[in-house]
Amino acid sequence: MTTVEDVAQWWGTSVSRMEPGVIEFRGRPVQELIGSASLVSVIWLLVRGSLPAPEEEKLLEAALVASVDHGPHAPSIAAARMAATCGVGLNTAMATGVGMLGDSHGGAGEQVVQLLTEIRDAEHGGEDLDVATARVLSAWRIRSRYIPGFGHRFHPVDPRRDPLLTMTAEAAGKGVVTGDYLRAALAVEKALNQGRTRPVPMNIDGITGVVYAELGFAPPLARGLFVLSRSIGILAHAWEETQQGRRNKGPMPPSILPAYLGQAGEAPGAKI
């Protein structure tokens, strides 16, 4: 027979405690956090179980700020804007955009942390950094032609790269983080750019992946934190779109028709 205690244990959690008149996050009363803790520090608290040090909070906030938006060039933003014109409500428009943050758009931070961890672990095991980087990259290329976190179809050099890497280097110099993942990322960038005239820049997934790894977040949380950040831009764009009065906004203006790739005179879909 299932008891009340069985059900209570089924939903047991150390993240929050709720009772009549009581709301606690990781054992801290919400009323003590309101007005004294930033949203960034509370994100850290709920995910990690304790509040971050000021320098950790500063670095995490910088990574979250860097990721908030990339305009309608970003599929997540474009999809949210289209969904917002379909009568689904703001929450569904946001969910549409968030659902597109996959391995090749916004979600690659998880893979970046895995990649950099392999290189860092090899170096810690005594392997030369450049040798470890070349070996790990070769293994990754067997799985995919793209190295996660590097390369950008739009920016020759991602404007978010230098500020975040500078802050990470400064944090490493103060002993806030180790700098191991930063060194691994720079080694990857160096290897990818050898013999090239057009650079392969570290993109936003790579840059924030470095920060999240240095701060000790597990690889899946790099994706989760990016989703939290990008949700802000998705909200802003979806809301802006609702104010413009369009209905059923498609991926291109109505005056432009998609190219038909069949034979002239052939009915679309005629071939099986």
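Scroll up for the structure.
This structure is a prediction, so every number in the text was calculated from the model and none was measured. (Residues numbered from 1 in each chain as written. Predicted model: local features only at pLDDT ≥ 70, side-chain atom pairs only at ≥ 80, totals over all residues. Heavy atoms only, no water.)

Honestly, the pattern of salt bridges in this entry has me stumped. Any pointers?
When charged atoms on two side chains of opposite charge get close, those side chains can pair. In this structure the tally under the stated criterion is 16 salt bridges. A salt bridge links Asp 103 to Arg 223; the nearest nitrogen and oxygen atoms lie 2.4 Å apart. Here Arg 223 lies in helix H12 (residues 219–242) and Asp 103 lies in the loop between helix H6 (90–98) and helix H7 (109–124), a separation of 120 residues in the sequence. On the basis of relative accessibility, which here comes to 45%, the residue Asp 103 falls in the partly exposed class. Judged by relative accessible area, Arg 223 falls into the partly exposed class, the value being 21%. Arg 161 is the salt-bridge partner of Glu 189, the closest N and O atoms lying 2.6 Å from each other. Placement of Glu 189 in helix H10 (residues 180–193) and of Arg 161 in helix H9 (residues 161–173) is noted, with a sequence separation of 28 residues between them. Across the pair, Arg 161 and Glu 189 agree in class, each one buried. Shared partners join several salt bridges into a network, and the residues in it are Arg 81, Glu 240, Glu 241, Arg 246 and Lys 249. (Salt bridge = Lys/Arg side-chain N within 4 Å of Asp/Glu carboxyl O. Helix = DSSP H or I, 4+ residues; strand = E, 2+ residues; numbered from the N terminus. Buried < 20%, exposed > 50% of the residue type's maximum accessible area, 1.4 Å probe, protein only.)

Sorry, what's going on with the nonpolar core here?
Side chains that are nonpolar tend, in soluble globular proteins, to be buried together. Grouped together as the largest cluster of nonpolar side chains are 46 residues, with contacts concentrated most on Leu 60 and Phe 150. Breaking this core down by element, the ones donating at least two residues are helix H3 (39–48), helix H4 (54–66), H7, helix H8 (129–143), H9, H10, helix H11 (204–214) and H12. For this core, the leading source of residues is H10, giving seven residues. Residues within four places of Phe 150 in sequence aside, it is in contact with Leu 115, Ala 185, Val 188, Glu 189, Leu 192, Val 200, Pro 201, Met 202 and Asn 203. (Core = buried A, V, L, I, M, F, W, Y, C linked by side-chain atoms within 4.5 Å. Contact = heavy atoms within 4.5 Å.)

In this structure, what is going on with the packing of aromatic side chains? I would like to understand it.
Evaluation of the coordinates by the stated rule reveals two aromatic pairs. On the numbers, 5.2 Å between centres and 75° between planes, the contact of Trp 44 with Phe 217 is edge-to-face. Residue Trp 44 is located in helix H3, and its partner Phe 217 is located in the loop between H11 and H12; the two are separated by 173 residues in the primary sequence. Each member of the pair Trp 44 and Phe 217 is classed as buried. Plain terms: the ring middles of Tyr 212 and Phe 217 are 6.3 Å apart, the flat faces sit at 85° to each other, and that makes the pair edge-to-face. Look at Tyr 212 and you get buried, because its relative accessible area is 0%. (Phe/Tyr/Trp six-rings, centres within 6.5 Å; stacked < 30°, edge-to-face > 60°.)

Looking at this model, I keep getting lost on the side chain of Ser 41. Mind explaining?
Positionally, Ser 41 belongs in helix H3. A relative accessible area of 4% means that Ser 41 is categorised as buried. Only 2.8 Å separates the side chain of Ser 41 from the backbone oxygen of Ser 38, close enough to count as a polar contact. (Polar contact = N/O pair within 3.5 Å; in protein donor to acceptor, adjacent residues only side chain to side chain.)

Honestly, the packing of H3 against H4 in this entry has me stumped. Any pointers?
Helix-helix packing is described using two parameters, namely the angle between the two axes and the distance between the axes. Here H3 crosses H4 at 105°, and the two axes come no closer than 9 Å. One element, H3, and the other, H4, form an angle in the roughly perpendicular class. Between H3 and H4, the residues in contact are Val 40, Ser 41, Ile 43 and Trp 44 and Glu 56, Glu 57, Leu 60, Glu 61 and Leu 64, respectively. Among the residues forming the contact of H3 with H4, the class breakdown is five nonpolar, one polar and three charged. (Axes fitted to C-alpha atoms, helices over the stretch in contact; angles between N-to-C directions. Parallel < 35°, antiparallel > 145°, perpendicular 65-115°, else oblique. Nonpolar A, V, L, I, M, F, W, Y, C, P; charged D, E, K, R; others polar.)

The values reported here are purely geometric and, on their own, carry no functional implication.
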